[in-house]
Amino acid sequence: MPATLTIGDFSAITHLSIKTLRRYHEAGLLEPGKVDPQTGYRYYAVDQVPAAQVIHRFRELGMPVREVGEVLATADPKARAALIGHHLERLENHLDQTRAAVSSLRRLLQPDPAPIEVEHRRLEATAVAAVRATVDLGDVLAWYAKAMSELDRALKSLGLSPAGPPGGLYGNELFTEERGAAAVYLPVADPPALGRVEPFVIPAGELAVTVHRGPHDDIDVTYGALGTYVAAHALAVAGPVHEIYLVGPRDTDDSTAWRTEIGWPVFRTTAA
């Protein structure tokens, strides 16, 4: 029979405070091996040490008490791995958000930020193979990845090669209302219709264009700088913003090499 430890001894062994152990007990995560009915003193078995440390690790990672309880109560290894994997995915998403915020703040807090270079460009009507939808802002990255995969498969199945880099069109409502029209596309001479992939013509227009360099963590800062330029020069017209992924994750894992062209619709101008 495993040795029995007082809550104080168990606390010293696990490096978990008595207060924490009591909280785990009250939450139903770690029941003491024995509770004296007269004194209420808690006693633990030495073989409960690993369980206590596992619970502590999960709580350090921010896993909710309910989910920790589900993991501990699940005997099936696959089901347990799925529960843990779900939480790790949530952590990774949170880490991505934190990294993006830090990157943006570093740029915004520079004492003398470098001005962006803006080019005025005439966009001719362009035939593309596109996937279009109305999407929520929080889902746009996942939607983009799935739509781009569909485009790749459709063109490959028909033996078609893109005539240029991929791009996207994003309606203003996507940002102002957190839901709006979006399209991702690949330029191709004879756009096919296959599944969600459809022929589409990007209309001609005038754009103020700049290039965002590096990962997309702080692309909002580049958007802000370009939007400020357009507003300051009284150039803005209604229309979706354009993105062209000159170099991206499809081309290299080195995010510092990524180049994303952002085009803001403007009225016709001769400025260069």
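Residues numbered from 1 in each chain as written. Predicted model: local features only at pLDDT ≥ 70, side-chain atom pairs only at ≥ 80, totals over all residues. Heavy atoms only, no water.

Engineer: I would appreciate a short explanation of the nonpolar core in the present structure.
Structural biologist: A general tendency of soluble globular proteins is for nonpolar side chains to be buried together. If you look at the biggest cluster of nonpolar residues, it comprises 29 residues, and the most contacted ones within it are Val131, Trp143, Tyr144, Leu151, Tyr170 and Val184. For this core, the elements supplying multiple residues, two or more each, are β5 (126-136), α6 (140-157), β7 (179-187), α8 (219-232), β10 (241-247) and β11 (259-266). Per element, the largest residue contribution to this core is eight residues, and it comes from α6. The residues touching Val131, leaving out its near neighbours within four places in the chain, are Trp143, Ala147, Leu151, Ala182, Ala183, Val184, Arg196 and Val197. Of all hydrophobic cores here, the second largest spans 16 residues; its members include Phe10, Leu16, Leu21 and Leu30. (Core = buried A, V, L, I, M, F, W, Y, C linked by side-chain atoms within 4.5 Å. Buried < 20%, exposed > 50% of the residue type's maximum accessible area, 1.4 Å probe, protein only. Helix = DSSP H or I, 4+ residues; strand = E, 2+ residues; numbered from the N terminus. Contact = heavy atoms within 4.5 Å.)

Engineer: I would appreciate a short explanation of unusual backbone geometry in the present structure.
Structural biologist: Only a minority of non-glycine residues have a phi that is not negative, and only a minority of peptide bonds are not trans. Although it is not a glycine, His15 sits at a positive phi angle of roughly 60 degrees. Of the residues examined, His15 reaches a relative accessible area of 70% and is grouped as exposed. One non-glycine residue with positive phi stands out, namely Glu178, at about 65 degrees. Here Glu178 lies in the loop between α7 (173-176) and β7.

Engineer: Hey, could you run me through helix α4 (residues 65-73) in this one?
Structural biologist: Count 3.6 residues to each turn of an α-helix, and residues three or four apart come out pointing the same way. Those residues of α4 that sit buried are Glu67, Val68 and Val71. Here the buried residues of α4 occupy an arc of 105 degrees about the axis, which is enough to place them on one side. For α4, the exposed residues set more than 90 degrees away from the buried face come down to Arg66 and Ala73. (Arc of directions from axis to C-beta.)

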